[in-house]
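Here is what each chain is made of, one letter per residue.
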Amino acid sequence: MWFEIAKTLTEYYTQHKEKEQQVKNRLSVVFQSMSDLLEETAKELQAGVYPHGKCATMGVLATELTGRLIGKMDTDTLDGLHKMLFEASKLEKEYANRENPQTIKELLVASGKLRALAMVVNL
């Protein structure tokens, strides 16, 4: 009987860890994608190119991210995060601010932070 209990618990633990790792891997991919998108946007703005489609892409990533965090964060925090991500996803509006060096700097800093987050989420 104890062997069966140990076996059942081991199987549960293994499956739970695998599922947890899959979630971490998906989050890492989303963070990396957001980072890449911000970096691409900054480069386009520096070149004076309008960042077509970046808003829609970031909006989908933001929605997916907050969807994956349901049940892992309290509702108020998650709602606040979703609102901030939705507002921040309006990357095409940054075109009007492309001459401001702070705009490019902020995009690149955010990109770097998201890239680092993508790396450490699996530690």
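Check the entry above for the structure.
This text gives an overview of the structure that appears in the document. (Residues numbered from 1 in each chain as written. Predicted model: local features only at pLDDT ≥ 70, side-chain atom pairs only at ≥ 80, totals over all residues. Heavy atoms only, no water.)

**Comments concerning the packing of aromatic side chains**
Tallied over the full model, the rule gives one aromatic pair. On the numbers, 5.2 Å between centres and 70° between planes, the contact of Tyr50 with Tyr95 is edge-to-face. Of this pair, Tyr50 sits in the loop between α1 (2-46) and α2 (54-68) while Tyr95 sits in the loop between α3 (75-88) and α4 (101-120), and the two are 45 residues apart along the sequence. Among the residues examined, Tyr50 registers a relative accessible area of 32% and is labelled partly exposed. When its relative accessible area of 23% is taken as the criterion, Tyr95 is described as partly exposed. (Phe/Tyr/Trp six-rings, centres within 6.5 Å; stacked < 30°, edge-to-face > 60°. Helix = DSSP H or I, 4+ residues; strand = E, 2+ residues; numbered from the N terminus. Buried < 20%, exposed > 50% of the residue type's maximum accessible area, 1.4 Å probe, protein only.)

**Section: α2**
Helix length check: α2, at 15 residues, gives a terminal C-alpha distance of 21 Å against a target of 21 Å (1.5 Å per residue), a fit within 8%. The complete set of buried residues in α2 reads Lys54, Met58, Gly59, Leu61, Ala62, Leu65 and Thr66. Buried positions in α2, seen along its axis, are confined to an arc of 165° and lie on one side of it. The exposed set on the far side of α2, more than 90 degrees from its buried face, consists of Ala56 and Val60. (Expected span 1.5 Å × (residues − 1). Arc of directions from axis to C-beta.)

**As for the environment of Cys55**
Position of Cys55 among the secondary structure elements: in helix α2. Counting along the chain gives 35 residues from Cys55 to Lys90, while the straight-line C-alpha distance between them is 4.9 Å. Leave out the neighbours within four places in its chain, and Cys55 touches Ser89, Lys90, Leu91 and Glu92. (Contact = heavy atoms within 4.5 Å.)

**A closer look at the layout of surface pockets**
Of the volumes computed, that of the largest pocket is approximately 450 Å³. Lining the largest pocket are 20 residues, and of these Leu38, Ala88, Glu106, Leu107 and Ala110 lie nearest its centre. Of all the elements in the fold, those that place two or more residues in the lining of the largest pocket are α1, α2, α3 and α4. It is α4 that contributes the most residues to the lining of the largest pocket, six residues altogether. Of the residues in the lining of the largest pocket, the class split is 12 nonpolar, two polar and six charged. (1 Å grid on protein atoms, 1.4 Å probe; cavity = no way out; pocket = protein on both sides within 12 Å on 5 of 7 lines; lining within 4 Å. Points joined across faces, edges and corners; volume = space filled by probe spheres on them. Nonpolar A, V, L, I, M, F, W, Y, C, P; charged D, E, K, R; others polar.)

**So, the packing of α2 against α3**
Remark: α2 packs on α3, axes separated minimally by 9 Å, with the N-to-C direction vectors making an angle of 170°. Judged by the angle between their axes, α2 and α3 are roughly antiparallel. Residue-level contacts link Ala62, Thr63, Leu65 and Thr66 of α2 to Leu78, Leu81, His82 and Leu85 of α3. Taken together, the residues that form the contact of α2 with α3 break down as five nonpolar, three polar and no charged. (Axes fitted to C-alpha atoms, helices over the stretch in contact; angles between N-to-C directions. Parallel < 35°, antiparallel > 145°, perpendicular 65-115°, else oblique.)

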